[in-house]
Amino acid sequence: MSESQLALGVRLRDDARFDNFHGDRNTDAAKRLEAACNQPTGVPVVALCGDADTGKSHLLQAVCHRSENRGKAAVCISIAELQPFGPEALSGLEAQEMICLDDLDRIAGDLLWEEAIFHLYNRIQDQDGLLLVSLSDLPANLPFKLPDLVSRLSHGLTIQLGIYRDDDRLKILMARAKKRGLVMSDDVAGYIMRRAPRRLGDLLGILDILDENSLQAQRRLTIPFVKTVMGW
């Protein structure tokens, strides 16, 4: 693996695992992905497709956690971070047994990058590895220029993720709070949900802020405390 890859491989979050991927909306999708990683399926690529904020990055990191726990070499890399180094930064990734590329559609329309991904796909297949990618939509619906790449990405296992509903977001918020040891009543959770942005990432960012301030102030989460901390 190149020096840039070692520096840019995503630092896996401890909370990005299959067992804490909450929210009923995408539970079945997560189970399909876990099954594909647990048992050889004969497919060389898995494409996770869905809008932003549907848990794609969480699931790719969960794959790496699971693989490493089972003694398999795995890497998760954000295309956004890899782009400044150019397509040559993909060289050598096929040495890993599981290669996860997050936000692959960022390079759609860039022929040099598309060709590099296509060749990486072939090298991974030769090594009997598994390529997992996240995309904002089905490969055929994205502005890729290289038909062969679209064909490869479309003929593996495609898993579509749906946008979270409010009840999913609430369940995720409560589960994450419990995991951190935060006692969050239904009233407090409901208040946060009414005030917080709809994006799940923003909601969990608010939980980070509340957790830190609760520890510093040695205060439990109440609506007045949340109001003060968040300026609501």
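Residues numbered from 1 in each chain as written. Predicted model: local features only at pLDDT ≥ 70, side-chain atom pairs only at ≥ 80, totals over all residues. Heavy atoms only, no water.

For the rest of this paragraph, the subject is the nonpolar core. If you look at the biggest cluster of nonpolar residues, it comprises 45 residues, and the most contacted ones within it are Leu33, Leu59, Val63, Leu132, Leu173, Met184 and Ile192. At six residues, helix α9 (residues 200-217) tops the list of elements feeding residues into this core. Setting aside residues no more than four positions away along its own chain, isoleucine 192 makes contact with Leu173, Met184, Leu203, Ile206, Leu210, Val226 and Trp232. The next biggest cluster of nonpolar side chains, apart from the first, holds 31 residues, and it includes Val75, Ile99, Leu104 and Ile124. (Core = buried A, V, L, I, M, F, W, Y, C linked by side-chain atoms within 4.5 Å. Buried < 20%, exposed > 50% of the residue type's maximum accessible area, 1.4 Å probe, protein only. Helix = DSSP H or I, 4+ residues; strand = E, 2+ residues; numbered from the N terminus. Contact = heavy atoms within 4.5 Å.)

Let us now look at the pattern of salt bridges. Evaluation of the coordinates by the stated rule reveals eight salt bridges. Close ionic contact of arginine 66 with glutamate 34 constitutes a salt bridge, the shortest N to O distance being 2.6 Å. With a gap of 32 residues between them, arginine 66 in helix α3 (residues 56-69) and glutamate 34 in helix α2 (residues 27-38) connect regions that are remote in the sequence. Arginine 165 serves as the salt-bridge partner of aspartate 168, at 3.8 Å between the closest nitrogen and oxygen. The class of aspartate 168 is buried, set by a relative accessible area of 2%. (Salt bridge = Lys/Arg side-chain N within 4 Å of Asp/Glu carboxyl O.)

With that settled, consider the environment of alanine 95. Relative to the helices and strands, alanine 95 is located in the loop between α4 (79-82) and β3 (98-102). Placed 21 residues apart in sequence, alanine 95 and alanine 74 show a C-alpha to C-alpha distance of 9.1 Å.

As a further point, take unusual backbone geometry. Positioned with a positive phi, aspartate 128 is a non-glycine residue whose angle comes to about 60 degrees. By the element assignment, aspartate 128 lies in the loop between α5 (111-126) and β4 (130-135). Aspartate 128 gets classed as exposed once you look at its relative accessible area, which sits at 71%. The phi dihedral of glutamine 218 falls on the positive side, at around 55 degrees, and the residue is not glycine. As for its placement among the helices and strands, glutamine 218 is situated in the loop between α9 and α10 (223-230).

Our focus in this paragraph is helix α6 (residues 147-154). Turning to α6, its buried residues are Leu149, Val150 and Leu153. For α6, the arc enclosing every buried residue in end-on projection is 100 degrees, short of the 170-degree limit, so these residues lie on one face. Looking at the buried positions of α6, the neighbouring elements they touch are β1 (45-49), α5, β4 and β5 (157-160). (Arc of directions from axis to C-beta.)

Between helix α7 (residues 166-179) and α9, whose axes approach to 11 Å, the crossing angle comes to 30 degrees. Compared by their axis directions, α7 and α9 come out roughly parallel. Between α7 and α9 lies a crossing of right-handed hand. For the pair α7 and α9, contact is made by Arg169, Ile172, Leu173, Arg176 and Ala177 and by Leu200, Leu203, Leu204 and Leu207, respectively. Considered class by class, the residues forming the contact of α7 with α9 number seven nonpolar, no polar and two charged. (Axes fitted to C-alpha atoms, helices over the stretch in contact; angles between N-to-C directions. Parallel < 35°, antiparallel > 145°, perpendicular 65-115°, else oblique. Left-handed = near helix turned anticlockwise from the far one by under 90°. Nonpolar A, V, L, I, M, F, W, Y, C, P; charged D, E, K, R; others polar.)

Glancing now at the sheet that holds strand β2 (residues 74-78). The strands making up a sheet associate through backbone hydrogen bonding, with each pair oriented either parallel or antiparallel. The strand order across the open sheet formed by five strands is β2-β3-β4-β1-β5, and the pairing between neighbours is parallel. Strands with a single pairing partner mark the edges of an open sheet, and in this sheet they are β2 and β5. Going across the sheet, the axis of each strand differs from the next one's by a mean of 15 degrees, ignoring polarity. Where β1 lies against β5, four bridges are found, and the strand directions are parallel. Of the residues in β5, the one forming a bridge with alanine 47 is threonine 158. In the packing of α3 onto the sheet, the strands contacted are β1, β2, β3 and β4, and the crossing angle to β3 comes to about 165 degrees. (Pairing = 2+ DSSP bridges.)

A few words on the side chain of glutamate 114. Position of glutamate 114 among the secondary structure elements: in helix α5. Lysine 145 is the oppositely charged side chain nearest to the buried, salt-bridge-free glutamate 114, at an N-O distance of 6.8 Å. Not counting residues within four places of it along the chain, the set of residues in contact with glutamate 114 comprises Ile107, Ala108, Gly109, Pro143, Phe144, Lys145, Leu146 and Leu149. (Lys, Arg positive; Asp, Glu negative; His and termini not counted.)

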